[in-house]
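# Per-entry structural report
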Amino acid sequence: RMCTICRSDVHSYLGHRPNPTPGVLGHEIIGTIVELGDGVTHDMRGDPLRQGDRITWSEYFIPGNSYYTEVLDLPQKSPGVDKYGHMAVTTEPHHHGGFGQYCYILPRSWILRLPDDLSDEEATPVNCGVATVICVTEKAEIRMGDAVVVQGLGLLGLYAALMVIVPMINGGIGLAQSWLTASVGQFVMRDLRNFLTRVHREAAAAEFVVGIQDLAAGLDRVVVMEMRRRLHRMHQSHFLHRGHVPM
């Protein structure tokens, strides 16, 4: 029905990450049930499943219970975990990539029937991008009075900004390699591409960050969410050197 092109799909296509071939990419997927397997009657919330229902499901599946599932509540880190869209099509049952016409949902996946008021476009990233950011914001335990820095305004960074800035938890601060945005009672945008050299860009970023630090100087905590894919550029994360809370 619909599948996004996640950044990891692009990395696989470009050969920047290992991926079995031949394969069918795509793991942020929604689809319509054409057939239910034996014993599959309800989704992860207990709602009944029927042919024709619009669903999404976890981006991964696991071989069985383990310490990670039963104790740590981290099934995505289970030994033997595998991911939709990142398997060779020669591996049974063959149809496990969202870019194909059909997708076989394997046992030990988490299926969710989608509500009618959620569009395909809104629902497709829920199992990966949205879930990732929800996990980060929950682990950060953001509370009233915190300042929040979101570094990297790709899709994950935009989700984080929406989850933090929209509720106006003391405003929020967003930084990206190409864009710097801030919201602390106002909205400020700076495009680093206007600075032609790396030295000028880094100087502009440093100056901007110092200004934001001054605004947040009287706060108890500054929570930093690092959403950029190029972690070797962490030297720009000036906040991390001042006793704040990185995520």
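Check the entry above for the structure.
In this report, the structure presented in the accompanying data block is examined. (Residues numbered from 1 in each chain as written. Predicted model: local features only at pLDDT ≥ 70, side-chain atom pairs only at ≥ 80, totals over all residues. Heavy atoms only, no water.)

Next up on the list: the environment of Glu121. Mapped onto the fold, Glu121 is located in helix 3 (residues 120-123). For Glu121, a relative accessible area of 53% gives the class exposed. Separated by 117 residues in the primary sequence, Glu121 and Thr4 place their C-alpha atoms 8.8 Å from one another. (Helix = DSSP H or I, 4+ residues; strand = E, 2+ residues; numbered from the N terminus. Buried < 20%, exposed > 50% of the residue type's maximum accessible area, 1.4 Å probe, protein only.)

When you line up the elements, Ser8 lands in helix 1 (residues 7-14). Residue Ser8 is classed as buried on the basis of its relative accessible area, which comes to 10%. Setting aside chain neighbours within four positions, we find Ser8 in contact with Arg17, His27, Lys83 and His86. (Contact = heavy atoms within 4.5 Å.)

Taking strand neighbours across the sheet as the criterion, the 4 strands line up as 1-2-3-6 in an open arrangement whose pairing is antiparallel. At either end of the open sheet lies a strand with only one pairing partner, and these are strand 1 (2-3) and strand 6 (111-113). With 3 bridges joining them, strand 3 (residues 54-57) and strand 6 adopt antiparallel strand pairing. Bridge pairing links Thr56 to Leu112 in strand 6. (Pairing = 2+ DSSP bridges.)

Ranked by size, the top nonpolar core spans 11 residues in total: Cys3, Ile29, Ile33, Leu49, Ile55, Trp57, Phe61, Tyr84, Met87, Leu106 and Ile111. Beyond its immediate stretch of four places on either side in the chain, Ile29 contacts Met2, Cys3, Ile55, Thr56, Trp57, Tyr84, Gly98, Cys103, Thr124 and Asn127. Listed in part, the 10 residues of the second largest apolar core include Val130, Val133, Tyr159 and Met225. (Core = buried A, V, L, I, M, F, W, Y, C linked by side-chain atoms within 4.5 Å.)

As a further point, take a nonpolar patch on the surface. The grouping of Tyr67, Tyr68, Val71 and Leu72 at the surface amounts to a nonpolar patch, some 380 Å² of accessible area in total. Within the element layout of this structure, Tyr67 appears in helix 2 (residues 67-70). (Patch = residues over 30% accessible without salt bridge, like charges linked within 9 Å, V, L, I, M, F, W, Y side chains within 5 Å. Areas by Shrake-Rupley, 256 points an atom, 1.4 Å probe, with all protein chains shown as cover. Salt bridge = Lys/Arg side-chain N within 4 Å of Asp/Glu carboxyl O.)

By the element assignment, Glu28 lies in the loop between helix 1 and strand 2 (29-32). Despite being buried, Glu28 has no salt bridge partner; Lys83 is the closest side chain of opposite charge, sitting 8.2 Å away. Engagement of the side chain of Glu28 in a polar contact is seen with the side chain of Thr4, the distance being 2.4 Å. Engagement of the side chain of Glu28 in a polar contact is seen with the backbone nitrogen of Gly129, the distance being 3.1 Å. (Lys, Arg positive; Asp, Glu negative; His and termini not counted. Polar contact = N/O pair within 3.5 Å; in protein donor to acceptor, adjacent residues only side chain to side chain.)

In this section: the pairing of strand 2. Alignment of strand 1 against strand 2, held across 2 bridges, turns out to be antiparallel. Along strand 2, the bridge assignment pairs Met2 with Ile30. Judged from the 3 bridges that link them, strand 2 and strand 3 form a sheet pairing that is antiparallel. In the sheet register, Thr32 faces strand 3, and the bridge partner there is Arg54.

Below, the discussion takes up the layout of surface pockets. As a volume, the second largest pocket reaches approximately 840 Å³. Lining the second largest pocket are 34 residues; nearest its centre among them are Glu35, Ile55, Cys103, Tyr104 and Ile105. For the lining of the second largest pocket, the secondary structure elements donating two or more residues are strand 1, strand 2 and strand 3. Among the elements that line the lining of the second largest pocket, the one with the most residues is strand 2, at 4 residues. (1 Å grid on protein atoms, 1.4 Å probe; cavity = no way out; pocket = protein on both sides within 12 Å on 5 of 7 lines; lining within 4 Å. Points joined across faces, edges and corners; volume = space filled by probe spheres on them.)

Treat this as a map of the structure, not an account of what it does.
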